[in-house]
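Chain and residue survey
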Amino acid sequence: MTATPLVRRHAAALAPDELPAYLYDLPLLRAHAAAVRAALPGRVELYYAAKANPEPALLAALRGAVDGYEVSSGGESAHVAAAVPGAALAFGGPGKTPAEIAEAVRLGVHRWHVESEQELYRLADALARTPGAVVDVLLRVNLPVGAGPLDSAALAMGGRPTPFGLDPERADACAALLAGPLGRQLRLRGTHAHLASGLRAPAQLEVAERVVDWSVRFARRHRLPLEEVNVGGGMAVDYADPADRFDWTAFGTGLERLLGRHPGLTLRIEPGRALTAYCGWYATEVLDVKHSHGEDFAVVRGGTHHLRTPATRGHDQPFEVLPVAGWKHPWPRPAVTTGRATLAGQLCTPKDVLASRAPAAGLRGGDRVLFGMAGAYAWNISHHEFLMHPRPGFHFLDGTAGATG
Ligand SMILES: *Cc1c(COP(=O)(O)O)cnc(C)c1O
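Here, residues in each chain are numbered from 1, in the same order as that chain's written sequence. Predicted model: local features are reported for residues with pLDDT of at least 70 only, side-chain atom pairs are reported and counted for 80 or more only, and whole-chain, interface and lining totals are derived from all residues. Water and hydrogen atoms were dropped before computing side-chain values, which therefore reflect all heavy atoms in the structure.

1. Concerning the site of the ligand
- Each residue is tested against the molecule or strand, and it is near if at least one of its non-hydrogen atoms lies within 4 Å. Lining the immediate surroundings of the ligand are 14 residues, of which Lys51, Gly234, Glu270, Arg273 and Tyr377 lie closest.
- Think of a polar contact as two N or O atoms within 3.5 Å of one another; within protein, one of them needs to be a possible hydrogen donor and the other a possible acceptor, and neighboring residues in sequence only count if both atoms come from side chains. In the environment of the ligand, an oxygen atom lies 2.8 Å from a nitrogen or oxygen atom belonging to the side chain of Lys51.
- For the ligand, a nitrogen atom lies 3.5 Å from a polar atom in the side chain of His194.
- Within the complex, the protein chains bury 92% of what would otherwise be the 390 Å² of accessible surface of the ligand. The accessible surface values rely on the Shrake-Rupley method and a 1.4 Å probe; as for residues, cover is taken only from the protein chains in view.

Here's what the structure looks like:
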């Protein structure tokens, strides 16, 4: 994964004590999001799943390309509402508390993804204290889409027993409730499904078709107009092959075909990882190179307490080396001699590994390393407090006025 010139320049200019640092290329993010938007038909709304990376600068950079943001907690609702004032929010996630619900009602959340009957009652209860308020609801369903499309998923949130969403017959029960007095303040607009993460375009399309087919039958059964179906996120990102990107063009074409069969329907998608993964880098330097029982280990400043992604997913984080010419010390400079190295962090656990036995010929102490694909589920899913190392720097590069943060 080669860094952009903007990122490389900035990473080379930082002092050692300013490392590690997260560097974000905002023009790259804007261009990528615009390309995704352009590949989608007009009747597909694009939401960004904020949990992938809620940095305000990224939320703001996406604003021009997305129709809204998917939030999964009270904290995210308040945070996104403050970072991108006035943006449409879709509120999902299991286990919404009464306080989160009341606050999200106050914020005027655009769509509620209702995960259970309990939650429907809770939402109705909150609304009863705000007479006249009406909210728009999608029922989050956990559909048995069948074997096949979900087989390749990295994570499955549906199609099997999970705490997410409603089983089909419970969705029927919710529709019946919404046809009664609850329907006065809760408007049923359609369905939502986020069944898996890590699907490539053909599998994503197959899932979307099955979700829409099921939703059409559901709406017919309850004599509802089906206005919207949110088919979720989970578009694949391949850490082993950064150049192998989700095929947005094929996906957009397939969705266009699907919409052609359903005039009047609006589709919505809510990717997280596939929007922001490529715009972030974790920059650091090699503190030490050690030869241990026949293998080389390069110990870098920082580690998985800042970038947990490779440890949680079990992959090697792609990286490139920025060689640093000078060595100011009177003692010998350590270097990789076997051609390969395991890039480990500063934590006292063998799990603190960013890349294993990776090609690293000539890597030396003092060289800089840029880990790519660090723009999603990176800093914000990591266990920052473990071992009490300093936090990384954050640099939001905009290409013209330099960096902020
Ligand atoms: C996490 C999540 C997403 C985004 O998933 P990605 O794999 O980042 O695209 C979308 N919708 C829901 C409901 C989620 O929980």
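2. Describing unusual backbone geometry
- Here the residue pair Leu19 and Pro20 is connected by a cis peptide bond, since its omega of -5° sits within 30 degrees of zero.
- Inspection of the secondary structure puts Pro20 in the loop between helix H1 (5-13) and strand E1 (21-25).
- Its identity as a non-glycine residue notwithstanding, Met373 has a phi of 55°, on the positive side.
- The residue Met373 is located in the loop between strand E17 (368-371) and strand E18 (393-397) in this model.
- Phi is positive for Leu387, close to 75°, though the residue is something other than glycine.
- Turning to its location among the elements, Leu387 is positioned in the loop between E17 and E18. In DSSP terms, a helix is any run of H or I states spanning at least four residues, a strand is any run of E spanning at least two, and both are numbered starting from the N terminus.

3. Re the domain arrangement of the chain
- Taken domain by domain, the chain comprises domain 1 (5-22 + 278-404) and domain 2 (88-271).
- The C-alpha centroid of domain 2 is placed 38 Å from the C-alpha centroid of domain 1.
- Any two residues having at least one pair of non-hydrogen atoms within 4.5 Å are treated as being in contact. With nine residues of domain 1 in contact, the opposing surface of domain 2 contributes seven residues.
- Regarding the contact of domain 1 and domain 2, the summed buried area is about 690 Å², with carbon and sulfur atoms giving 65% of it. The split of the chain into domains comes from an automatic or database domain assignment. Buried area counts how much accessible surface, traced with a 1.4 Å probe, disappears from two parts once they are put together, with both parts' losses summed.

4. A short note on the packing of aromatic side chains
- Each pair of aromatic rings taken from Phe, Tyr and Trp, with Trp reduced to its six-membered ring, is defined by centres within 6.5 Å and is described as stacked if the planes are under 30 degrees apart, edge-to-face if over 60, and tilted in the remaining cases. The tally for this structure, following the rule as stated, stands at 12 aromatic pairs.
- Arranged with centres 5.1 Å apart and planes meeting at 45°, the rings of Tyr22 and Tyr282 form a pair that is tilted. Taken as a pair, Tyr22 in strand E1 and Tyr282 in strand E12 (residues 280-292) lie far apart in primary sequence, 260 residues in all. Across the pair, Tyr282 and Tyr22 agree in class, each one buried.
- Ring geometry for Trp214 against Phe218: centres 5.0 Å apart, planes inclined by 15°, an arrangement best described as stacked. Placement of both Trp214 and Phe218 in helix H8 (residues 201-221) is noted, with a separation of four residues, approximately one turn of the helix. Whether a residue is buried, partly exposed or exposed follows from its accessible area with a 1.4 Å probe, protein chains only, as a fraction of its type maximum: under 20%, in between, or over 50%, in that order.

5. Let's talk about the sheet that holds strand E2 (residues 44-49)
- When DSSP finds two or more bridges between two strands, those strands count as paired. If you trace the eight strands once around the closed barrel, you get E2-E3-E4-E5-E6-E8-E10-E11, paired in parallel fashion. Put simply, the sheet's adjacent strands are angled 30° from each other on average, direction ignored.
- As paired elements, E2 and strand E3 (residues 68-71) share three bridges and run parallel to each other. Within the sheet, the bridge partner assigned to Tyr48 lies in E3 and is Tyr69.
- Strand contacts of helix H9 (residues 248-260): E2 and strand E11 (266-269), with the helix running at about 155° to E11, the strand carrying the most contacts. Orientation is described by axes fitted as lines to C-alpha atoms, over the contacting stretch for helices, and by angles from 0 to 180 degrees between their N-to-C directions.

6. Notes on the UniProt feature "modified residue: N6-(pyridoxal phosphate)lysine" (unreviewed entry) in the chain
- UniProt positions are given in the numbering used here, feature names are shortened, and annotations may be inferred rather than shown by experiment. Per the UniProt annotation, the sites labelled "modified residue: N6-(pyridoxal phosphate)lysine" (unreviewed entry) are Lys51.
- By secondary structure assignment, the location of Lys51 is in the loop between E2 and helix H3 (56-62).
- Given the relative accessible area of 37%, Lys51 is considered partly exposed.
- When sequence neighbours within four positions are dropped, the list of residues in contact with Lys51 reads Glu76, Tyr377 and Asn380.

7. Focus: helix H7 (residues 168-178)
- The set of residues buried in H7 consists of Pro168, Ala171, Cys174, Ala175 and Leu178. Buried residues along H7 cover an arc of 110° about the axis, so they all sit on one side.
- In this structure, the buried residues of H7 make contact with helix H6 (117-128), strand E6 (135-140), strand E8 (186-192) and H8. The reported arc concerns the directions from the helix axis to the C-beta atoms and nothing else.

8. Things to note about the environment of Leu267
- Within the secondary structure layout, Leu267 lies in strand E11.
- Each C-alpha atom, one on Leu267 and one on Glu256, is 9.9 Å from the other, the two residues being 11 residues apart in sequence.
- Excluding residues within four positions of it along the chain, Leu267 makes contact with Arg43, Val44, Glu45, Val212, Val229, Val231, Leu255, Leu258 and Leu259.

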